[in-house]
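Chain and residue survey
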Amino acid sequence: MPIQSSTSKPPPALEILDHLRRIVQALRESSRESERLLGVSGAQLFVLQTLEKSERLSLNALAERTHTHQSTVSVVVRRLVEQELVQSLPSASDRRRLELMLTPRGRSVLRRAPAAVQDRLVAGVQALRPAERRALAAALGKLSQAMQLGASTPSMFFEEQKTRSAQKRRQHAGA
């Protein structure tokens, strides 16, 4: 493969992959930093910071605000409830509906928290013109199909990695 001169534009495939690498690297580093500083994943921090912006949110409203599937965000919320960072309470207006809110412990974590990179990603996507967002969605959809990634509901960024790592640590501790 020929070496690129410093003045020529890189081939499109290299340019695309470099942009994807930068985004994934920023998300991974943010998640690692959040885990190290706060004991929560980047996805969990993103959910906590989203909840902080409202007094109470339903699971569906939280999924909408995090631009995530309801089933996916519910897994993250369950972990946050288990850590006593979020609580689930019956709605004041409809006792059948549950609402989520931060606990004092969750607020304490957020006081020490850096900004979640996911917020920058969402803001970046929203800054695109509608036609650009549609074109990006179509191109990424075609890329996912070409990679044969299937249509299953994806987890939040690096949340599944934390689960597998925690499972491995527990298995080794019990061995």
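Just so you know, these numbers come straight off a predicted model, no measurement behind them. (Residues numbered from 1 in each chain as written. Predicted model: local features only at pLDDT ≥ 70, side-chain atom pairs only at ≥ 80, totals over all residues. Heavy atoms only, no water.)

1. Considerations on the confidence of the model for the protein
For clarity, the cut-off: Values of pLDDT, ranging from 0 to 100, describe the predictor's confidence in every residue of the model. Helix and strand definitions follow DSSP, with helices as H or I runs of at least four residues and strands as E runs of at least two, each counted in order from the N terminus. Any pair of residues with heavy atoms lying within 4.5 Å of one another is described as a contacting pair.
Overall, the prediction assigns the protein a mean pLDDT of 85, with 87% of residues at 70 or greater. Ranking the helices and strands of the protein by mean pLDDT puts helix 5 (residues 104-111) first, with 95, and helix 8 (residues 159-174) last, with 49. With pLDDT under 50 throughout, residues 162-175 is counted as low confidence; its partners more than four residues away or in other chains account for five contacts.

2. Overview of the nonpolar core
Note the cut-off: Here, the term nonpolar core denotes a set of buried Ala, Val, Leu, Ile, Met, Phe, Trp, Tyr and Cys residues that are joined through side-chain atoms within 4.5 Å. Think of it in three bands: with a 1.4 Å probe and only protein chains considered, a residue is buried below 20% of the maximum accessible area for its type, exposed above 50%, and partly exposed in between.
Ranked by internal contacts, the top residues of the largest apolar core, which has 24 residues, are Val 47, Leu 48, Leu 51 and Leu 62. Listing elements by their share of this core, those giving two or more residues are helix 2 (42-52), helix 3 (59-65), helix 4 (70-82), strand 2 (98-102) and helix 5. At six residues, helix 2 tops the list of elements feeding residues into this core. Those residues in contact with Leu 48, other than ones at most four positions away along the chain, are Leu 80, Leu 85, Val 86, Leu 102, Val 109 and Leu 110.

3. Description of the environment of Leu 45
In this fold, Leu 45 is placed in helix 2. By relative accessible area, Leu 45 is classed as buried at 1%. In sequence terms Leu 45 and Ala 116 are 71 residues apart; their C-alpha atoms lie 6.5 Å from each other. In this structure Leu 45 touches Ser 34, Leu 38, Val 40, Leu 110, Ala 113, Pro 114 and Ala 116, once residues within four positions along its chain are discounted.

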